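As a plain string of letters, each chain reads:
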Amino acid sequence: MQRICLSDDVVNSLRCPKCRSVLVSDLDSLKCASSECSRVYPVVDGIPVLINEDDSVFSMSDFVDHKSTFFRRRSRIAELIEKITPTSGKNVSASRNYERFAQTLVKQCSAPRVLVIGGSILGEGMEHLLGYRQIELIDSDISFGPRTKLICDAHDIPFVDNTFDGVIAQAVLEHVLDPYRCVEEIHRVMKSDGLVYAETPFMQPVHGSCYDFTRFTYLGHRRLFRAFSEIDSGVACGPGVSLAGAWKYFLWSFSSNRLMRKALQIAASYTAMIWKYFDPYLMHKDSALDAASGFYFMGRKSHEVLTDRDLLRLYRGGFSQ
């Protein structure tokens, strides 16, 4: 039997993503205990694959056969270009926000358990969480990666209700087909005083190939988390990053030739890099909310729902004056 790379307590909290019944170990798999369901979920290299194939665009065979899902294998040329070109993106809020997220968690719980959705790699700024050894991170994703401990689809999170002290979804909700359903699932698996932290794009070009579906304004993002009381929200990546991204994709649009696009990529990176340095100044201006590249939201699970009338009163962008 394979050793599952999750603690026994976490394994005991796992549930069938289809019917939410208890799972039992069965050789190199986990089996739903419900006689009406009886689905079998493989364990691949110690990582449980808990996908509800009826409602997911992914299948268990994708992971058993180690197929590329969201993250594609890159060529050596692509890796070289990334090394020699400057980045045009800058997250101006993540480091501060993750530090606050961690401090808030450890104040209310001695050993917080946090579910990371889209956690196959370490997100920007998340190194601050690693400094708090009492925080247990459960890194889930629909791709294998250096940090993946669980394969699951956020539309059907395979855990019992009220499991986690915190949930993180950084640069994830634009890549799911139904972000509202995913946030409902996040709400379900969180404890009554649980914390959520999310970063989601607004003015960004397509960056997830076929797995890229939705963008949110500042108010749209707040409405997505309407069942959470707000602790903080604002600009994650500012108008400078928006401008840089638009410029890069503008240049790429001139050619579909692979080599030419690589050359344009290098040119775009060097000519767009300057704009990100304006964001630390612009992020505090209300008008930046109308043109930011992406937003963050930190909140606490609530039993009250923000009404749409109250939502409209929260607008404070450039057109409020």
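This one's a predicted model, so the numbers in the text were calculated from it and none came from an experiment. Within each chain, residues carry numbers counting from 1 in the order of the written sequence. Residue-level local features of this predicted model are given only where pLDDT is at least 70; pairs of side-chain atoms are given and counted only at 80 or more, and the full residue set underlies all totals for whole chains, interfaces and linings. Side-chain calculation: all heavy atoms of the structure are included, whereas hydrogens and water are not.

Caption draft 1: Local environment of empty space enclosed by the protein. A cavity here means a set of 1 Å grid points, computed over protein atoms only, where a 1.4 Å probe fits but cannot escape. A pocket is an open set with protein on both sides within 12 Å along at least 5 of 7 lines, and lining residues have an atom within 4 Å of a point. Grid points are joined across faces, edges and corners, and a volume is the space filled by probe spheres set on the points. Per the counting criterion, the structure on display carries 2 cavities of 30 Å³ or more. Around the largest cavity, the lining residues are Tyr218, His221, Arg222, Ser233, Phe295, Tyr296 and Phe297. When residue character is reported, Ala, Val, Leu, Ile, Met, Phe, Trp, Tyr, Cys and Pro are called nonpolar, Asp, Glu, Lys and Arg charged, and the others, Gly included, polar. The residue inventory of the lining of the largest cavity, partitioned by class, reads 4 nonpolar, 2 polar and 1 charged.

Caption draft 2: Spotlight on the pattern of salt bridges. Definition used for salt bridges: Asp or Glu carboxyl oxygen within 4 Å of a side-chain nitrogen of Lys or Arg. Inspection of every chain in the model, using the stated rule, returns 17 salt bridges. Ionic pairing is found between Asp54 and Lys18, a salt bridge with its closest N-O pair at 3.1 Å. One end of the pair, Asp54, is in the loop between strand E4 (47-50) and helix H2 (60-64); the other, Lys18, is in the loop between helix H1 (8-13) and strand E1 (23-26), and 36 residues separate them in sequence. Taking the shortest distance from any N to any O, the salt bridge between Asp139 and Arg147 comes out at 3.3 Å. For every residue, the accessible area (1.4 Å probe, protein chains only) is compared with the maximum for its type, and the residue is labelled buried under 20%, exposed over 50%, or partly exposed between those bounds. By relative accessible area, Arg147 is classed as partly exposed at 21%. One continuous salt-bridge network, built from bridges that share partners, spans Arg20, Asp161, Glu185 and Arg188. Secondary structure is summarised from DSSP: a helix means a run of H or I of at least four residues, a strand means a run of E of at least two, and numbering begins at the N terminus for each.

Caption draft 3: Geometry of the packing of aromatic side chains. Between rings of Phe, Tyr and Trp, where Trp is taken as its six-membered ring, a pair exists when centres lie within 6.5 Å; planes separated by under 30 degrees are stacked, by over 60 edge-to-face, and by other angles tilted. A full pass over the atoms with the stated rule returns 16 aromatic pairs. Between Tyr249 and Trp252 the ring centres are 4.7 Å apart and the planes differ by 50°, which places this aromatic pair in the tilted class. One end of the pair is Tyr249 and the other is Trp252, both in helix H8 (residues 239-252) and 3 residues apart, which spans about a single turn. With relative accessibility at 31%, the residue Tyr249 sits in the partly exposed group. A centroid spacing of 5.2 Å and a plane angle of 90° characterise the contact between Phe250 and Phe254, whose relative ring orientation is edge-to-face. Classification of Phe254 by relative accessible area gives exposed; the value is 59%.

Caption draft 4: Representation of a nonpolar patch on the surface in the model. A cluster of nonpolar side chains, Leu243, Ile274, Trp275, Tyr277 and Phe278, forms an exposed patch at the surface whose accessible area comes to about 510 Å². Position of Tyr277 relative to the elements: it lies in the loop between helix H9 (258-272) and helix H10 (279-282). Patch definition: residues with relative accessible area over 30% and no salt bridge; like charges joined within 9 Å; nonpolar side chains (Val, Leu, Ile, Met, Phe, Trp, Tyr) joined within 5 Å. Here the open area of atoms and residues is found with the Shrake-Rupley method and a 1.4 Å probe, where only the protein chains shown may cover a residue.

Caption draft 5: Quick peek at the pairing of strand E8 (residues 164-170). Most of E8 sits out of view: 7 of its 7 residues are buried. Paired strands, as defined in this entry, are two strands with at least two bridges between them according to DSSP. By the bridge criterion, 4 bridges tie strand E5 (residues 113-117) to E8 in an arrangement that is parallel. Paired with Val116 across the strands is Ile168, a residue of E8. Where E8 lies against strand E9 (residues 190-201), 6 bridges are found, and the strand directions are parallel. Considered in E9, the bridge of Phe164 is made with Met190. For the segment spanning E8, helix H6 (residues 179-189) and E9, crossover handedness is right-handed. Look down the strands so they point away from you; if the path from the first strand over the helix to the second goes clockwise, the crossover is right-handed.

Caption draft 6: Local environment of H9. Any helix carries an expected span of 1.5 Å times its number of residues minus one. A rise of 1.5 Å per residue sets the reference length of H9, with its 15 residues, at 21 Å; its end C-alpha atoms lie 21 Å apart and thus fit the reference within 8%. Whether two residues touch is decided by their heavy atoms; if any such pair falls within 4.5 Å, the residues are in contact. As for H9, its buried residues are in contact with H8.

Caption draft 7: Main features of the side chain of Arg113. Mapped onto the elements, Arg113 comes out in strand E5. Given the relative accessible area of 17%, Arg113 is considered buried. There is a polar contact of 3.0 Å between the side chain of Arg113 and the side chain of Glu136. With sequence-adjacent residues up to four places away left out, Arg113 is seen in contact with Ser7, Asp9, Val10, Glu136, Ile138, Phe164, Asp165 and Gly166. Whenever two N or O atoms come within 3.5 Å, that pair is a polar contact, provided that in protein one can donate a hydrogen and the other can accept it, and provided that, for residues adjacent in sequence, both atoms are side-chain atoms.

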